[in-house]
Amino acid sequence: HWTSSNLGYDLLVLFQACTGIDNIAEAITLLELNNWDLVAAINGVIPQENGILPSHFSSEASQTGPYGPHSQSEATAPVPSAPPSSESASASSSSSPPSSSSPAFCPVQPSRHILERQSRMLSFRVEYRQRSTEVVLEDASTVGDIKSILETELQVPVSKMQLKGWKSGDVSDSTVLRSLHLPKNNSLYVLTPDIAPSASTSQSSAQQGLSNQNYLLVISHREAQRDYSLNFPASKTIQEVKRNISDLTNIPVRHQQWDGWPASASDDSMTLASSGISYPCHHLTVCRRSSPALTVDQTDECTDVHMVSDSEGDDFEDAPEFGVDESEVFGMGSASCQKSPMMPENSENEGDALLHFTAEFSRRYGDCHPVFYIGSLEAASQEAFYGKARDRKLLAIYLHNDESVLGNVFCSQMMCADSIVSYLSQNFITWAWDVTKEANKARLLTMCTRHFGSVVAQTIRTYKTDQFPLLLIVMGKRTSNEVLNVIQGNTTVDELMMRLMGAMEIFTAQQQEDIKDEDEREAREMVKREQDEAYRLSLEADRKKREAQEREEAEQVRQERIRKEQEEEREAIRLSLEQALPPEPKEEGGEPVSKLRIRTPSGEFLERRFLGSCKLQVLFDFIASKGYPSDEFKLLTTFPRRNITQIDPAWSLVEAKLFPQETLFLEAKE
């Protein structure tokens, strides 16, 4: 019954295209709950911070009715608060559309307010000594950045500046504005207790500007009659400046008309440093470029033509004729249509593909994002699941699709939120893949089938494009890997954090069990290792003891052999000496005879007769033949004490005064 009201049909189509709700009855119910306020209904389905601009026109629409008048400004064209009610529409299903005399409504106009932002701009009104200064900068900036801008504007050194008015109390210069959860518009004031009212600090502020190499752009918005003081690094491009101004003024880049850029700034890809603008401060003016395609008359004509063609019925085929890009109708700005793909198609190396993905993600959404694992899915799984139990982590698989209307919002508001980035970095191994191209999607499904099974791959296949991005939370188990959660793109930061924390609770419980099992296993292995080591040491001690005993026995055998050899050698010498001795002379012989009596160390006495003419050597040989060689024993007289072994062996016994008889004794040499 909506065919009688092209307005209601257009709102319904827009709502379904932006939210991905295919059930018409459910979509109509949600629109009726929000009084047919399109932006409010979308925000109710897809709640997000700065993802969709708040409605600027709901109050006007409620006053003017479903066909209220147009505003003269393109950015604030009113959207009807409600179509004809269901009852009236049913009763007058054949009623004609509003007449051309009523203010016309172009159904594609609300799409201009469905914008996805890559960064959030905050506005600060700063009061200082009867002077008010406006500062606008990104929420990724710090409190110190605000002070640097104020230093240039107020000529007050940062070191002597106290910035007050924060709702959370005093903050440090390094505090990131995003962490303070500030509203878009804020009021602050500056205190300088150490500076007299007449103090001037222009010289120090100029030096600070030169050291920071930042440009202060004072941009005047002509229609709003408002000035913005924006601080940009020298590496920022003109195109990026224009995109930021688009966020502040709701003027698309292609509709911006600028005054103040120098002639050298001929290319939007040029950086501020090379553009030729004045340093450190440059003044610019921006306004909306007038477009004849958006006049009231032509808009009326647009609506009339669309109503006539209601039987043909199809969505927004005529949108380009009215100066509205078709991609803009579905929440994608012109910049997103021209962006390069997240991941090249058919990349041979997964690591190279992930490097390209990370670089493109940083280019689009900034450097504050999760650390994406560079490598294959298998390597990421090994890193997350197969280390020690205490070192294991959950695996977060981020699946991106550029064709989804939720992609930019999810990346800029969820994946780049400080709390999410910190939590993922501490507890997860984050791996990413782009499924925009069918070849890349097929490759992902093959990898998931190989590592997680066909059920996970089939689950990914069931998700439609508008349900992306997806964040799969995977936990490694003893026998297989389990997907704990699949988080879709239509979520909030708080809900995403809660689901991540819920997955961590499950993982922590499992990890504690794994740690306990691993500790018990290591304790058992430690006892076994200690037992094995004790057994090894025992064997080693036994071996050494046995070897020492064998060496000792071998040494004893060797010493015994040497001793026997020496004894045999002595015995042989003794026998040879004994055989060489001259016969003992008789007492009654004609020659003089000397009778010698020799006491041995053992107390025994050796007695023998020698001719007086015998040499001492014969005496020495006789003693050696009895086992007392002269090199080991010395032969001594009793009184006077003389060492006979020191006398020349060639002397005769008579010459040595050992005649006719003498008592001698043997003594071992020292």
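- You'll find the chain entered in an unreviewed UniProt entry as Fas (TNFRSF6) associated factor 1, with Cyprinus carpio carpio given as the organism.

**Considering the overall build of the chain**
Link 1 in the chain: A count of helices and strands for the chain gives 20 helices and 16 strands.
Link 2 in the chain: Buried residues in the chain amount to 44% of all 670 residues.
Link 3 in the chain: Here the contacts in the chain between residues at least 6 apart in sequence split such that 67% fall between residues at least 24 apart.
Link 4 in the chain: A total of about 34,700 Å² of accessible surface is found on the chain, and carbon and sulfur atoms cover 49% of it.

**Notes on unusual backbone geometry**
Link 1 in the chain: Residue P469 is reached from F468 by a cis peptide bond, and omega for that bond is 0°.
Link 2 in the chain: Assignment of secondary structure puts P469 in the loop between α18 (454-462) and β11 (470-476).
Link 3 in the chain: Positioned with a positive phi, Q155 is a non-glycine residue whose angle comes to about 60°.
Link 4 in the chain: The phi dihedral of Q225 falls on the positive side, at around 50°, and the residue is not glycine.
Link 5 in the chain: For Q225, the location among the structural elements is in the loop between β5 (214-221) and β6 (226-233).
Link 6 in the chain: Overall, Q225 belongs to the exposed group, its relative accessible area being 74%.

**Details of helix α2 (residues 24-33)**
Link 1 in the chain: Looking only at α2, the buried set comprises A27, I28 and L31. Taken end-on, α2 shows its buried residues confined to a sector of 100°, consistent with a single buried face.

**Examining the sheet that holds β5**
Link 1 in the chain: Pairing within the open sheet is mixed, and its four strands lie in the order β6-β5-β8-β7. With partners counted over all chains shown, the strands left at the sheet margins are β6 and β7 (256-259), one partner each. Averaged over all adjacent pairs, the angle separating strand axes in this sheet is 30°, with direction ignored.
Link 2 in the chain: Bridge count for β5 against strand β8 (residues 281-288) is six bridges, and the pairing is parallel. Looking at the pairing, I219 lines up with L284 of β8.
Link 3 in the chain: Helix-sheet contacts for helix α6 (residues 143-154) involve β5 and β6, and the interaxial angle to β5 is about 70°.

Criteria and thresholds
- Throughout, a residue's number is its position along its own chain's written sequence, starting from 1.
- In keeping with the model being predicted, local features are shown solely for residues with a pLDDT of at least 70 and side-chain atom pairs are shown and tallied solely at 80 or more, while totals for entire chains, interfaces and linings include all residues.
- Hydrogens and waters are ignored; side-chain quantities use all the structure's heavy atoms.
- Numbering goes from the N terminus for both helices and strands, where a helix is a DSSP run of H or I of at least four residues and a strand is a run of E of at least two.
- Relative accessible area decides the class of each residue, using a 1.4 Å probe on protein chains only: under 20% of the type maximum gives buried, over 50% gives exposed, and in between gives partly exposed.
- In what follows, a contact means two residues having at least one pair of non-hydrogen atoms within 4.5 Å.
- For accessible areas, the Shrake-Rupley method is used with a probe of radius 1.4 Å. Any residue's cover is judged against the shown protein chains and nothing else.
- This arc is taken over the directions from the axis of the helix to the C-beta atoms.
- Strand pairing is defined by DSSP finding a minimum of two bridges between the two strands.
- Lines fitted to C-alpha atoms define the axes here, with helix axes fitted over just the stretch in contact, and angles between the N-to-C directions of these axes take values from 0 to 180 degrees.

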